[in-house]
Amino acid sequence: MEDSAIIDLYWAREERALQETDRKYGAYCHAIASNILKSREDAEECVSDTYLHAWNAMPPQRPGVLSAFLGRITRNLSFDRCRHNMAEKRGGGALPACLDELSECVPAAESVEERAEQHELAAVIDAFLRTLPERECMLFLRRYWYVDPIADIADRFSMNENTVKSILRRTRERLRQYLLKEGIAV
Amino acid sequence: MSAEVLFAAIGGVGDDLVAKAEHYTAKPSAHWQRWLPLAACAALVITVGAFALRQGSLSDNFKTESAMAPAAEAAPAEAAVAEEAAVEEAPESAEAAECWPAAEEAPAENAVEDAVPEEEMEPENTEESPQEPTAQSESGKGDLEPDDLPPRAALLPELTLFGQAYARDLQDEDSLLSGLREEDCGEVWAEVDGGNCYILGDEYMVIGQDMLYPRYVVCFTDDGDVGLYQIQTP
């Protein structure tokens, strides 16, 4: 079923929208959740919560790219669940390593919180990603948006893992420089 | 936690990028592409090598020509006189050959002198001679008369093809002169071993039905000799 038809089902408040969403994007959302969360049960809960959030969001929203819309919800929910789990010392999947890597290029915490709202930072990062070559951009997103393991990325991009790590390291450094240039203190 | 802020912010990038990354799969590099740099280097080496060899060959030719020049300069003075006469006649003969005369319009036998008036000679045609004649002419005389040109070359009809004829210097059994009739500008006779022969005068011989050949030619050879030939019919 086309995405527009699924969105129409949401807007028509038909429960079949959830079934169609699960049929088309269930595995996709589950993969994102599983990358962030260690527990399979937690991931499944996040996917279910994703459908609920989508049901509540449409209407009024009409996403342009349904997969990105659902994936973003799943990612945010999984991230929240992971933080909750880490706070309770109940494991954190691949996210801790991901956050450690990102901490290399993030501006000082107080500077970011003081000078830029999160959506502004997202806009800067979006602009930065569009300056990258396609391969580096996609690789960065696979790692820090989809939270793919390095081995999976290496397989997807037909590289060895060291090459992936090297590219990611260079991209993080470029992001750090870009944030500096944009006036976001490192 | 600052990294968490960044992680959350990355979640806000454009949907198009996210959707593109969803299905993005880098194409695995073809196996043959690993050899591409090596092949490119090999091609470069071959090209440079061929160029160097070509340059070396040209340089050798230049040295050979340079070595020949002093010998030509030492030629006797009278050679220059005959050479001048030959050079002056050559362009005229080319001009005369611009239009082949019909077979029945072929002039009488001793028409060389009449056909080469000095006032009609064009200096620029002299430059068309691929080799400057510098050595002594065969006759060794300043002014040439038809009598000075006894038959010195014989046509070789067995080698003659349509549009191209061969002749042999009667004094040199190993020589081979060839002439190729051209569409617009008459005929240029060339020695097989180098040099060029030009039609002298406008006297032609008819051989067979359609074959029409000049009776007199002047030849400049690669080794600096100038030869005046009356072509002898077979």
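Residues numbered from 1 in each chain as written. Chains lettered and ligands numbered in written order. Predicted model: local features only at pLDDT ≥ 70, side-chain atom pairs only at ≥ 80, totals over all residues. Heavy atoms only, no water.

Engineer: How should the overall build of chain A be read in this particular structure?
Structural biologist: On a plain count of helices and strands, chain A comes out with ten helices and zero strands. Order of helices (α) and strands (β) in chain A, N terminus to C terminus: α-α-α-α-α-α-α-α-α-α. Within chain A, buried positions represent 48% of all 186 residues. Contacts in chain A between residues at least 24 apart in sequence constitute 64% of all its contacts with a sequence separation of at least 6. (Helix = DSSP H or I, 4+ residues; strand = E, 2+ residues; numbered from the N terminus. Buried < 20%, exposed > 50% of the residue type's maximum accessible area, 1.4 Å probe, protein only. Contact = heavy atoms within 4.5 Å.)

Engineer: I tried to follow the confidence of the model for chain A on my own but got confused; where do I start?
Structural biologist: Close inspection of predicted coordinates is inappropriate in any region flagged by low pLDDT. Confidence along chain A averages 84 in pLDDT terms, with 86% of residues attaining 70 or more. Summarising per-element confidence for chain A, the mean pLDDT is lowest in helix α6 (residues 109-115) of chain A (52) and highest in helix α8 (residues 134-144) of chain A (91). (pLDDT = per-residue confidence, 0-100.)

Engineer: Is there a simple way to think about the side chain of A:R142 in this case?
Structural biologist: Relative to the assigned elements, A:R142 resides in helix α8. The class for A:R142 is buried, based on a relative accessible area of 6%. Setting aside residues no more than four positions away along its own chain, A:R142 makes contact with A:V147, A:D148, A:I153, A:R156, A:F157, B:A21 and B:E22.

Engineer: Would you mind going over helix α1 (residues 2-10) of chain B with me for this structure?
Structural biologist: Counting along an α-helix, one turn takes 3.6 residues, and residues three or four places apart therefore face a common direction. The element α1(B) is extensively covered by neighbouring structure, given that nine of its nine residues are classed as buried. When α1(B) is considered as a whole, its buried residues turn out to be B:S2, B:A3, B:E4, B:V5, B:L6, B:F7, B:A8, B:A9 and B:I10.

Engineer: I tried to follow the environment of B:D172 on my own but got confused; where do I start?
Structural biologist: Following the sequence through the fold, B:D172 ends up in the loop between β2 (164-169) and β3 (177-181). In sequence terms B:D172 and B:A153 are 19 residues apart; their C-alpha atoms lie 9.2 Å from each other.

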